[in-house]
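Letter by letter, the chains look like this.
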Amino acid sequence: MTIRVLIADDHAIVRSGLGMLINAQEDMEVVGYAADGKEACEKALEIRPDVVLMDLSMPPGENGLTATARLKEAAPDIQVLVLTMHDDEEYLFRVLQAGAAGYILKSAPDLDLIAAIRSVNNGMAYLYPSATKSLIEEFLQMVKNGEEQAKYEILTDREKEVLVLIAKGFSNKEIAEQLTVSVKTVESHKAHIMEKLHLRTRPDLVRYAIKKGWLDFE
């Protein structure tokens with residue numbers, strides 16, 4: 001059966017190039033194009049493609065993450081493969097939390113992209129580069145095992161605020177400005193959070209926040 005693909009990217013040249021590549025495959029057909037997340041959701045719900053190839057960094061207000069989360073809520077059967085320039089652990093987890101079935105870099109070879117489309121169409125997760133597979137295994141294991149609620153309850157209200165801001169990518173200086181405290185105070189809160197939750201790195205905090213559902217996709 002032919003895999004029906006909708007391409008969402010804010011660059012016309014990229015859309016055209018991807019369309020030519022996908023249409024050149026015997027088992028694939030591009031059934032639509034979108035220039036932003038809002039249009040991607042609308043067209044996907046109208047056309048009902050098998051796979052949406054979703055650019056992560058589209059215009060603000062309806063970027064790839066926001067669009068993926070909204071589309072998966074409305075049509076769980078449509079598979080989303082996120083296409084991005086970001087080879088970053090934090091982006092990976094946010095993409096998965098949004099409901100995407102796959103994650104591939106724009107720098108990936110054409111054959112890898114085609115393989116990724118086939119994989120997500122068959123109901124399998126696709127992660128690129130392959131080294132990130134260990135990250136999803138760790139994430140799924142965390143979800144399976146669950147987290148002790150007591151860990152979060154032992155944080156003070158201010159520590160909870162700091163944890164969420166760290167996980168959202170704000171620097172210590174930016175957090176200090178938002179909370180009207182010193183950078184040294186933020187660093188102290190961060191140290192206490194790490195100790196209480198038995199976490200060691202910033203990505204650990206991001207994963208914890210994602211698990212708790214504290215990160216939005218704006």
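Residues numbered from 1 in each chain as written. Predicted model: local features only at pLDDT ≥ 70, side-chain atom pairs only at ≥ 80, totals over all residues. Heavy atoms only, no water.

Looking at an unreviewed UniProt entry, one finds the chain named DNA-binding response regulator, with Brevibacillus agri as its source organism.

Turning next to unusual backbone geometry. Positive phi outside glycine occurs at Arg48, with the angle close to 60 degrees. Here Arg48 lies in the loop between helix 2 (37-47) and strand 3 (51-55). (Helix = DSSP H or I, 4+ residues; strand = E, 2+ residues; numbered from the N terminus.)

We now examine the UniProt feature "modified residue: 4-aspartylphosphate" (unreviewed entry) in the chain. In this structure's numbering, the residues bearing the UniProt feature "modified residue: 4-aspartylphosphate" (unreviewed entry) are Asp55. If you trace the backbone, Asp55 turns up in strand 3. A relative accessible area of 2% means that Asp55 is categorised as buried. Sequence-distant contacts of Asp55, defined by excluding residues within four places in its chain, comprise Ala8, Asp9, Asp10, Gly64, Leu83 and Lys106. (UniProt positions renumbered as here; feature names shortened; annotations may be inferred. Buried < 20%, exposed > 50% of the residue type's maximum accessible area, 1.4 Å probe, protein only. Contact = heavy atoms within 4.5 Å.)

Let us now look at the environment of Ala100. Within the fold, Ala100 resides in the loop between helix 4 (89-98) and strand 5 (102-105). In this structure, the C-alpha to C-alpha distance between Ala100 and Met54, residues 46 residues apart in sequence, is 9.2 Å. Setting aside its immediate chain neighbours within four residues, Ala100 contacts Thr68, Val80, Val82 and Val95.

Another aspect to go through is the sheet that holds strand 2 (residues 28-34). Strand order in this open sheet of six strands is 2-1-3-4-5-6, and the pairing throughout is parallel. Every interior strand has two partners, whereas the edge strands, strand 2 and strand 6 (126-127), have only one. In this sheet, strand 3 lies alongside strand 1 (residues 3-8) in parallel orientation, the contact comprising four bridges. Within strand 3, the position partnered with Leu6 by the bridge is Val52. In the packing of helix 1 (residues 12-23) onto the sheet, contacts are made with strand 1, strand 2, strand 3 and strand 4 (79-84), and the angle to strand 2 comes to roughly 165 degrees. (Pairing = 2+ DSSP bridges. Axes fitted to C-alpha atoms, helices over the stretch in contact; angles between N-to-C directions.)

Residue alternation in strand 5 divides its side chains into two sets, Gly102 and Ile104 and Tyr103 and Leu105, and both sets are buried. As paired elements, strand 4 and strand 5 share four bridges and run parallel to each other. Across the sheet, Thr84 pairs through a bridge with Leu105, a residue of strand 5. In the sheet, strand 5 pairs with strand 6 via two bridges, with the strands oriented parallel. When the sheet's bridge partners are listed, Gly102 is paired in strand 6 with Tyr126. Once you follow strand 5 into helix 5 (residues 110-121) and on to strand 6, the crossover reads as left-handed. (Right-handed = clockwise from strand over helix to strand, strands pointing away.)

Looking at helix 8 (residues 157-167), one finds that the buried residues are Glu159, Val162, Leu163, Val164, Leu165, Ile166 and Ala167. One or two residues past the end of helix 8 sits Gly169, with phi positive at roughly 100 degrees.

Attention now goes to the packing of helix 2 against helix 3 (residues 64-74). Two elements in contact, helix 2 and helix 3, have axes whose closest approach is 9 Å; the angle formed by their N-to-C orientations is 20 degrees. Considered as vectors, helix 2 and helix 3 are oriented roughly parallel to each other. The interaxial crossing formed by helix 2 with helix 3 has right-handed handedness. Together, Gly37, Lys38, Cys41, Ala44 and Leu45 of helix 2 and Ala67, Arg70, Leu71 and Ala74 of helix 3 make up the contact between the two elements. Among the residues forming the contact of helix 2 with helix 3, the class breakdown is six nonpolar, one polar and two charged. (Parallel < 35°, antiparallel > 145°, perpendicular 65-115°, else oblique. Left-handed = near helix turned anticlockwise from the far one by under 90°. Nonpolar A, V, L, I, M, F, W, Y, C, P; charged D, E, K, R; others polar.)

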